[in-house]
Each structure stands twice: as C-alpha cells, then as structure tokens.
Amino acid sequence: MFDILRMSWFEYKKIFCKKGIYIYLGVFLILVWPLISKIHEIKNLAGEKLQAVILLPAVYFMFMIFAYAIDILLEEYYSGTATFLFTGKMSRGKILFSKILAINLLGVTLGIINCLFNACFKNAIAMQNQIDEDKLIFMYLIFSWFAGNYFLFMSTIFKNRFASFLVGIFFLTAISDVFAFLGKLNLANRLFFELNPFDKFMELLVNPNVSVYKIISMIFFGALFLFFAIIIFNKKDLS
C-alpha cells in the first residue's frame, strides 16, 4: 500500500512539473479575472447570467479532470515509458490504481480552487443553495473518482486521446439522455434514477442536493470501471 501511495504522489507531482497544467490554470485565470475585477457589477446579474458565473469553474475543471484522466495513462505510450513502467516489480493493477489516486488529488486541488473562486463572490452574490467548502471539495473527490476511472477505462480500450475523449463523452451524454427520456415516460421509479451514476452526473459539482444513493452509486461504478480497466490492461502486450 505504501508503494501505491508513493507512486500516486509521484504522479500527482508529475502533473505540476509540466507546463500543461499551468496553461490550463492560466486560461482559467484569464476567463475569471474580468469577473473578479467587476465583482460589484456581478451582483446586479440575475437568472441565467448569474448561474453562468457560478457554473464557469465547475464546467472548466470538469473537462480538466476528463483530460488528465485520459492522459495519465496514454502519456506513458507517447513518451515511450510504458514498457519500462508496466514490466517492473509493481503490478499493472497497482500502477493504474496509483494513477487514479493522483487524479483524485488533482480533483481535490481543483475543488479548493473552486472554493477560492466562490469566496470572491460570497459577499457580492446571495447564491441560493450554495455548496459549503467542505462539501464542494468532497463533490470534486467523488466526481474525479467516477470520471477518472471511466475515462481511464476508455483509454485502455482506444489508446488514443481524441478517441477516448470523444467516445467517452458520447456515451456519457447518450446514457444520461436515455435515462432522462425514461424519466419523462415514468418508466422507472425515483430510486432507480438516484442509483444511476450516469444520470446528470455532471451536475455533481454544482448541485448540493445529491442523494447518498447517488454518491454510493458513483463510488461503486467508479470501482467497477477501474476493475474492467485493469482486466483489459493486463491482457495488453506492451513489448
């Protein structure tokens, strides 16, 4: 277990040793700085415009988690280190698990940044149903666990960044739309939708009224995707 934690910390630090993360955060700062500089004007917004201000960091960081969950494995192929890393003493399953823990740490870090963003507007905007800081960070942790394992699973199948992202997003939105359609037809009870991790799971980062069943479901299915990813990856020939 110590080896897994040590490798996950190494993977987490490796993310911040590359310029990509700073480009992402720099773009985010460019997007939010006009809002922060005009904070007193923001309070006069209402309705959809105000909601867009609140949703901006959640949507941006959501796609960051998607991108890094895909790249954390595929970068080993592109850099030529896959054979060396996955033929060592540590099993492939443990290495994949350590990479997911690194994505979880990244998710918590982005959650903290989102909390700082919300703090800038806390006194200027009366946010209804505002998520408190502790709960928001926990939401990011659960989200990064489910989404991280899901896109890691996709990357073990396609071994291509664009294909993993495109197909992953397609199935996420398609399955969510199917369950939304079933909900309109009243073909399933409420508990069924709460146990479905795909149904509006992207709202997890902004919705404070997520049920315990939804959280448990996302934890379970995240572990299931990790299990399938390990099975598929163990059968790959890296030579």
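Above this text sits the structure in question.
Residues numbered from 1 in each chain as written. Predicted model: local features only at pLDDT ≥ 70, side-chain atom pairs only at ≥ 80, totals over all residues. Heavy atoms only, no water.

Colleague: Help me out: how do you make sense of the overall build of the protein chain in this one?
Modeller: Secondary structure assignment for the protein chain yields 10 helices and zero strands. Mapped in sequence order, the helices and strands of the protein chain form the string α-α-α-α-α-α-α-α-α-α. A buried classification covers 46% of the 239 residues belonging to the protein chain. Across the protein chain, the fraction of contacts at a sequence separation of at least 24, relative to all contacts at a separation of at least 6, is 76%. When the accessible surface of the protein chain is totalled, it reaches about 13,000 Å², and 68% of it is carbon and sulfur. (Helix = DSSP H or I, 4+ residues; strand = E, 2+ residues; numbered from the N terminus. Buried < 20%, exposed > 50% of the residue type's maximum accessible area, 1.4 Å probe, protein only. Contact = heavy atoms within 4.5 Å. Areas by Shrake-Rupley, 256 points an atom, 1.4 Å probe, with all protein chains shown as cover.)

Colleague: Help me out: how do you make sense of the environment of Ile-231 in this one?
Modeller: Residue position: Ile-231 is located in helix H10 (residues 212-234). Given the relative accessible area of 33%, Ile-231 is considered partly exposed. For the pair Ile-231 and Arg-92, spaced 139 residues apart in sequence, the C-alpha separation works out to 9.6 Å.

Colleague: Can you help me understand a nonpolar patch on the surface in this one?
Modeller: A cluster of nonpolar side chains, Ile-23, Val-27 and Leu-31, forms an exposed patch at the surface whose accessible area comes to about 240 Å². For Ile-23, the location among the structural elements is in helix H2 (residues 19-37). (Patch = residues over 30% accessible without salt bridge, like charges linked within 9 Å, V, L, I, M, F, W, Y side chains within 5 Å. Salt bridge = Lys/Arg side-chain N within 4 Å of Asp/Glu carboxyl O.)

Colleague: Where do I start with H10 in this structure?
Modeller: Every α-helix carries 3.6 residues per turn, so stepping three or four residues along brings you back to the same face. For H10, spanning 23 residues, the distance from its first C-alpha to its last is 33 Å, which sits close to the expected 33 Å at 1.5 Å a residue. Inspection of H10 places Lys-214, Ile-215, Ser-217, Met-218, Gly-222, Phe-225, Leu-226, Ala-229, Ile-230 and Phe-233 among the buried residues, and these make up the whole buried set. (Expected span 1.5 Å × (residues − 1).)

Colleague: Please clarify how the packing of aromatic side chains should be interpreted in this entry.
Modeller: When we look at a pair of aromatic rings, we describe it by the centre distance and by the angle of the planes. Within this structure, the stated rule accounts for 20 aromatic pairs. Here Phe-28 and Tyr-60 contribute two aromatic rings whose centre-to-centre distance is 5.6 Å and whose plane-to-plane angle is 35 degrees, an arrangement assigned as tilted. Residue Phe-28 is located in helix H2, and its partner Tyr-60 is located in helix H4 (residues 48-78); the two are separated by 32 residues in the primary sequence. Three or more aromatic residues link up through ring pairs in this structure, and these residues are Phe-63, Phe-66, Phe-143, Phe-146, Tyr-150, Phe-151, Phe-153, Phe-165, Phe-225, Phe-227 and Phe-228. Above the ring of Phe-233, the side-chain terminus of Arg-92 is found at 5.5 Å from the ring centroid. (Phe/Tyr/Trp six-rings, centres within 6.5 Å; stacked < 30°, edge-to-face > 60°. Lys NZ or Arg CZ within 6 Å of the ring centre and 35° of its normal.)

Colleague: Explain the environment of Leu-29 here, please?
Modeller: Relative to the assigned elements, Leu-29 resides in helix H2. For the pair formed by Leu-29 and Pro-57, sequence separation is 28 residues and the distance between their alpha carbons is 10.0 Å.

Colleague: How should the nonpolar core be read in this particular structure?
Modeller: Nonpolar side chains tend to gather and get buried jointly when the protein is soluble and globular. Core analysis: the biggest nonpolar cluster contains 45 residues, and Phe-66, Tyr-140, Phe-143, Phe-151 and Phe-201 have the highest contact counts within it. For this core, the elements supplying multiple residues, two or more each, are helix H1 (2-16), H2, H4, helix H6 (92-121), helix H7 (133-158), helix H8 (161-184) and H10. In terms of residue count, the dominant contributor to this core is H4 (12 residues). Not counting residues within four places of it along the chain, the set of residues in contact with Tyr-140 comprises Pro-57, Ala-58, Phe-61, Ile-65, Gly-107, Leu-110, Gly-111, Asn-114 and Leu-205. (Core = buried A, V, L, I, M, F, W, Y, C linked by side-chain atoms within 4.5 Å.)

Colleague: Honestly, unusual backbone geometry in this entry has me stumped. Any pointers?
Modeller: With the exception of glycine, most residues fall at negative phi, and the peptide bonds are largely trans. Even without being a glycine, Lys-159 presents a positive backbone phi close to 55 degrees. With a relative accessible area of 39%, Lys-159 lands in the partly exposed category.

Colleague: Quick question: what am I supposed to make of H1 here?
Modeller: Look at H1: 22 Å from first C-alpha to last across 15 residues, which is about the 21 Å you get at 1.5 Å a residue. Turning to H1, its buried residues number three or more, namely Ile-4, Met-7, Ser-8, Glu-11, Tyr-12, Lys-14 and Ile-15. Looking straight down H1, one finds its buried side chains confined to an arc of 155 degrees; they lie on one side. Set apart from the buried face of H1 by more than 90 degrees, the exposed residues are Phe-2 and Arg-6. (Arc of directions from axis to C-beta.)

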